[in-house]
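If you want the building blocks of each chain, they are given just below.
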Amino acid sequence: MNRNKREREYYSIDVGDSTFMVLKRYQNLRPIGSGAQGIVCSAYDHNLERNVAIKKLSRPFQNQTHAKRAYRELVHVNMLHLCNVTHPVKQTCVYLVMELMDANLCQVIQMELDHERLSYLLYQMLCGIKHLHAAGIIHRDLKPSNIVVKSDCTLKILDFGLARTAATGLLMTPYVVTRYYRAPEVILGMGYQANVDVWSVGCIMAEMVRGSVLFPGTDHIDQWNKVIEQLGTPSQEFLMKLNQSVRTYVENRPRYAGYSFEKLFPDVLFPADSEHNKLKASQARDLLSKMLVIDASKRISVDEALQHPYINVWYDPTEVEAPPPVITDKQLDEREHTVEEWKELIYKEVLDWEERTKNGVIRGQPASIG
Ligand code: AMP
């Protein structure tokens, strides 16, 4: 399709402080959220005859870091839950069109959830994390605002967390960073493995049970204080894994005994009005006690969490064991291109996408979504 014809298919509309330039099939844009990577609107898609979410990636071609991040998001979102990509004028913005979800998890946390809903949401979070890991992405920064749900309790993880390499691009945005869900190994700058994300799930689960943030640190340092005040000062064995300067700091903190999980998550926090619910409450507490372990070498893995009795009632191999992606994040991360080259790659990706979805059918997605 020639460039002028492509451009005629778009129109521009102001939404809040931002201007969206989208295909005419998308109408009735309304802002629904914003994050580190951009602004998100809901819109009505006249072709699909249903509402969608459109995310405008902020300044994708500002520099190489942004451009690589845009490409990364495009390739991986594509793999996860993308309905469409639009790229009006090759030189400017990238928009991702996704299935519209009903709320982010911050809103769900305020609700009283029964064991069925709580365990199903956790099961899907763990499946999503397992898929990210299969793509070579260890998130390290999962938080409720980056997880969205629908009223039928289906759930999606929206972003890909901390970049493998220094996140300089992100740090430059005037965006308040939430650290409540970051694992001790991230707070203390240690090496990490895949179960770094299990800690975050533990914090999110705890918040869903308590209705308030488990470790509400006011800054990086206070984040560690909040963890040890509740879970207790970690063992000497753990301290030996820290580098000298961090160890000196950690050793000089007051010592805390911490609380038992029965104290941290007493029965009153759970629906426990029947024998079945009492059993579920004790399973939920057991799962929390295995996820919220400071020493990662003693914390359960994603696979073990999926097999835990509180979660494995939902286990479906076709959901848990999805095929790994064609391109892994590590391969992507090792690629270096100029901004111009990234632009070309993104443009090619958009054209490929259009080709693959020409007849309104999106390969690899259920018909009800496409
Ligand atoms: P993000 O920039 O991806 O972190 O998204 C920022 C916010 O936009 C999220 O916290 C959600 O509230 C909202 N949001 C993003 N994507 C969707 C979606 N597909 N459906 C509904 N809301 C969304």
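See the structure shown above.
A brief structural summary.

So, how was this worked out
- Residues numbered from 1 in each chain as written.
- Predicted model: local features only at pLDDT ≥ 70, side-chain atom pairs only at ≥ 80, totals over all residues.
- Heavy atoms only, no water.
- Helix = DSSP H or I, 4+ residues; strand = E, 2+ residues; numbered from the N terminus.
- Contact = heavy atoms within 4.5 Å.
- Near = heavy atom within 4 Å.
- Polar contact = N/O pair within 3.5 Å; in protein donor to acceptor, adjacent residues only side chain to side chain.
- Areas by Shrake-Rupley, 256 points an atom, 1.4 Å probe, with all protein chains shown as cover.
- Salt bridge = Lys/Arg side-chain N within 4 Å of Asp/Glu carboxyl O.
- Buried < 20%, exposed > 50% of the residue type's maximum accessible area, 1.4 Å probe, protein only.
- Arc of directions from axis to C-beta.
- Expected span 1.5 Å × (residues − 1).

**Here we look at the overall build of the protein chain**
Looking only at helices and strands, the protein chain features 16 helices and 10 strands. The long-range share in the protein chain, meaning contacts at least 24 apart out of those at least 6 apart in sequence, stands at 65%.

**Brief notes about the site of the ligand**
What surrounds the ligand is a group of 17 residues, the closest being Lys55, Glu99, Met101, Asn104 and Ser145. Separating an oxygen atom of the ligand from a side-chain N or O atom of Lys55 is a distance of 2.7 Å. One nitrogen or oxygen atom from the main chain of Glu99 is found 2.9 Å from a nitrogen atom belonging to the ligand. Relative to its unbound accessible surface of 480 Å², the ligand loses 94% to contact with the protein.

**Things to note about the pattern of salt bridges**
In this structure the tally under the stated criterion is 17 salt bridges. Across the salt bridge formed by Arg25 and Asp45, the nearest N and O atoms sit 2.8 Å from each other. In this pair, Arg25 is assigned in the loop between strand 2 (18-23) and strand 3 (26-35) and Asp45 in strand 4 (residues 38-45), connecting sequence segments 20 residues apart. Salt-bridge contacts for Glu99 lead to Lys150; the nearest nitrogen and oxygen are separated by 2.6 Å. With Glu99 in strand 7 (residues 94-99) and Lys150 in the loop between strand 9 (147-149) and strand 10 (155-157), this pair connects stretches of sequence that are 51 residues apart. Relative accessible area serves as the criterion here: at 12%, Glu99 is assigned to the buried category. Put simply, Glu237, Lys241, Asp295 and Lys298 are held in one network by salt bridges that share partners.

**Notes on helix 10 (residues 244-251)**
By the burial criterion, the buried members of helix 10 are Val246, Arg247 and Val250. The buried side chains of helix 10 occupy one side of the element, clustering within an arc of 100 degrees when seen end-on. Of the exposed residues in helix 10, the ones pointing more than 90 degrees away from its buried face are Gln244 and Ser245. Packing partners of the buried residues in helix 10 comprise helix 8 (220-231) and helix 9 (236-239).

**Quick word on helix 12 (residues 275-291)**
In this model, helix 12 (17 residues) spans 25 Å end to end at C-alpha, consistent with the 24 Å of a helix rising 1.5 Å per residue. Turning to helix 12, its buried residues are Asn277, Lys280, Ala281, Gln283, Ala284, Arg285, Leu287, Leu288 and Met291. The elements touched by buried residues of helix 12 are helix 4 (115-134), helix 7 (196-210) and helix 11 (261-264).

Shape is all these values report; function is a separate question.
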